[in-house]
Amino acid sequence: MIQLVCTLPQLPHTYPRPPPSSSYHSPSPPRLYSTTHYRLTVRNLSYSIKPKRKLSSLLLPPPSHQQKPTNILESVSFVAKSSEILGVVGPSGAGKSTLLRIISGRIKNSDFDPKCISLNDHPISSPTQLRRICGFVTQEDNLLPLLTVKETLMFSARFRLRGMSAKEKEERETKKPGESPGERKRVSIGVDVIHDPKILLLDEPTSGLDSTSALQVIELLASMAKARERTIILTIHQPSYRILDCISSFLLLSRGMVAHTGSLCSLEETISDMGFKIPDQINALEFAMEIVTVLEDSNSGNSFSSCGDPEAPDQYSCSWLEYEDEEGNRVPARTMQAIVGGLGLGSVYVKMKKDENGVAERLGFFAFSLSFLLSSTVEALPIFLQERRVLMREASRGAYKVSSYVVANTLVFIPFLLAVALLFAFPVYWLVGLNPSMVAFTFFVATVWLIVLMASSLVLFLSAVSPDFISGNSLICMVLGAFFLFSGYFIPKENIPRYWIFMYYVSLYKYPLDCLLINEYWSSRSQCFTKNTGPNSECLLTGRDVLRSRGLEEDGRWTNVGIMVGFFLFYRVLCWIILARKASKTTL
């Protein structure tokens, strides 16, 4: 049960000023409010996450034993008073953000009944009513980028203060924090307090701020709580001594349960009564985080399996408990792309005939397959960019070498891309009706594998030289487009200008396209695909003619394979050189 009791004392005639250390300007005193008593009560609150079944498991019969829901919050009780700040603290995954979302009415769970929360003994009928009485400031500063501070607050006021006149809205806007340009956190707070909510909830309001800015934000909130006699509840990590002075009481959570609730003084007494001594270099709250499990057992007398418990039956990560899982329950996109691409292309070019039209269709099929396989690797760009940021930090610290990352990346991707090549080749090869020889099919799979390996190396190299995703994506599209243009498919080699002829030899499309054509027609060089209809029947097109149109007079399959392997290694070596130079220039 959570019991949140807010009692507003008699409003003073003067408003308290911010502490002397504050560097911001206090908002103008608002109009006097009549004495009001609020009592927000939450009874028998429980919240759990049901394990999500993976997409692959939907095709199989359900397991004999169903996984139990994972408890996030259980038996949480605390009191928050008006004109004070309640700080919710605890290790990652303790349920702090979930608690705020429940109180604010922003939780997405059908098992949660909002009627368990009541205001002045009147049950809350819906999450919408909770959202009306609570202001909720998220950790991210979701602000409109092109608006000034005043325009941002006025934009929010016009939506939330519909019953007021334009003059009253502007007066309310000028009394909110965030007038100073560049203070995004203050503006975010101002946007959510523009409608003067009874309870203000803030998720990590000091995240990403330096110590001075963090102190100013907390002092601003303390001044607001006293001036408007409102209840403020916020989550915070490792507050400094000066910030601790601004927070009246604390709620320490551990694995979804209350480890301690009360003032900092009472926390120090509890720690002392348990026989612990707080070191001089840290405050009581920091030390409490180290013995949070002991405090939890002492406070509740029981525990439950949840985030952070090594014996929990469901091994979910703490971040999954506080945020919805999006990636873990999806079938790998690349695998599905290979299967769907192979089946789709096979259904379009199904059983092509062995005549002149069939020859043209096969050439178009090979060209489109190359474009599909090479462009499909672009999806790995954001992954490589994210890995690069981590790599720069860790390599500069000497955790490991850049060469270790490049080698590990290569070893991981080689078998995975082989599986992708097999999933693509199996359906498309036999549906299209290519060379029925098993040797030819094996070489086709190897060629597809080398194509995706080359493309993966190219994307890795371009991710090393690109500053961000937009630039990297544009660069990849431009390079692949140039490679396709000069592959010899659109423009014969003889018609390419001399100053562009080098692009013909560095194109990643040329060598696999030649491999696929040789693999298809080398064993049928003497086969006739079209004849004239006259009395003297003559063969007009043979397999040798098809190869000769591309300048393929000899069987150069293995030479092309060697060149493709060279491209694969070349781009990875370039990536290693560039990343190593960047890591050497990175300073901590």
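Heads up: the structure comes first, above all this text.
Model, not experiment: these values are computed from the prediction.

Rules used throughout
Residues numbered from 1 in each chain as written. Predicted model: local features only at pLDDT ≥ 70, side-chain atom pairs only at ≥ 80, totals over all residues. Heavy atoms only, no water. Axes fitted to C-alpha atoms, helices over the stretch in contact; angles between N-to-C directions. Helix = DSSP H or I, 4+ residues; strand = E, 2+ residues; numbered from the N terminus. Parallel < 35°, antiparallel > 145°, perpendicular 65-115°, else oblique. Left-handed = near helix turned anticlockwise from the far one by under 90°. Contact = heavy atoms within 4.5 Å. Nonpolar A, V, L, I, M, F, W, Y, C, P; charged D, E, K, R; others polar. Disulfide = S-S within 2.5 Å. Buried < 20%, exposed > 50% of the residue type's maximum accessible area, 1.4 Å probe, protein only. Patch = residues over 30% accessible without salt bridge, like charges linked within 9 Å, V, L, I, M, F, W, Y side chains within 5 Å. Areas by Shrake-Rupley, 256 points an atom, 1.4 Å probe, with all protein chains shown as cover. Salt bridge = Lys/Arg side-chain N within 4 Å of Asp/Glu carboxyl O. Core = buried A, V, L, I, M, F, W, Y, C linked by side-chain atoms within 4.5 Å.

### Thoughts on the packing of helix α13 (residues 356–375) against helix α16 (residues 438–465)
So, point 1. Interaxial distance between α13 and α16 falls to 8 Å at its minimum, and their mutual angle equals 45 degrees. The angle between the axes of α13 and α16 places the two elements in the oblique class. In the crossing of α13 with α16, the sense of the turn from one axis to the other is right-handed. Contacts between α13 and α16 involve L370, L373 and L374 on the former and, on the latter, V448, I451, V452 and A455.
So, point 2. Counted by class, the contact of α13 with α16 contains seven nonpolar, no polar and no charged residues.

### Concerning the state of the cysteines
So, point 1. One pass over the full model with this rule turns up one disulfide.
So, point 2. Sulfur-sulfur distance for the disulfide between C528 and C539 comes to 2.2 Å. In this structure the cystine formed by C528 and C539 twists about its S-S bond by roughly 115 degrees; its chirality is therefore right-handed. With C528 in strand β13 (residues 528–531) and C539 in strand β14 (residues 539–542), this pair connects stretches of sequence that are eleven residues apart.
So, point 3. For C539, a relative accessible area of 37% gives the class partly exposed.

### Some details on a nonpolar patch on the surface
So, point 1. Together, L418, L422, F426, W430 and M438 make up an exposed nonpolar region whose accessible area comes to about 450 Å².
So, point 2. The element that contributes the greatest number of residues to the nonpolar patch is helix α15 (residues 402–432), accounting for four residues.
So, point 3. Following the sequence through the fold, L418 ends up in helix α15.

### Thoughts on the nonpolar core
As a rule of thumb, soluble globular proteins bury nonpolar side chains together.
So, point 1. By size, the foremost hydrophobic cluster in this structure holds 82 residues, and its most contacted members are F365, F444, L458, F483 and L579.
So, point 2. Top element by residues in this core is α16. It accounts for 18 residues.
So, point 3. Excluding residues within four positions of it along the chain, L458 makes contact with V479, L480, F483, L508 and Y571.
So, point 4. If you look at the next biggest cluster of nonpolar residues, it comprises 36 residues, including A214, I232, C246 and A288.

### Quick notes on the environment of A367
So, point 1. Relative to the assigned elements, A367 resides in helix α13.
So, point 2. In this structure the C-alpha to C-alpha distance between A367 and L513, which are 146 residues apart in sequence, comes to 6.9 Å.

### Regarding the pattern of salt bridges
So, point 1. For the coordinates displayed, the defined rule picks out five salt bridges.
So, point 2. Among the ionic pairs, D514 bridges to K510, the shortest N-O distance being 3.2 Å. In this pair, D514 and K510 both sit in helix α19 (residues 510–521), four residues apart, roughly one turn of the helix. Residue D514 shares its accessibility class with K510, and that shared class is buried.
So, point 3. Across the salt bridge formed by E553 and R548, the nearest N and O atoms sit 3.5 Å from each other.
So, point 4. Overall, the relative accessible area of 43% leaves R548 in the partly exposed class.
So, point 5. Sharing partners across several salt bridges, the network here consists of K510, D514 and R550.

### As for the packing of helix α14 (residues 381–396) against α15
So, point 1. At a closest axis distance of 10 Å, the pairing of α14 and α15 adopts a crossing angle of 145 degrees. The chirality of how α14 crosses α15 is right-handed. Taken together, the residues of α15 that come into contact with α14 (itself represented by F384, E387, L391 and A395) are V402, Y405, N409 and F413.
So, point 2. Here the contact of α14 with α15 is composed, by residue class, of six nonpolar, one polar and one charged.

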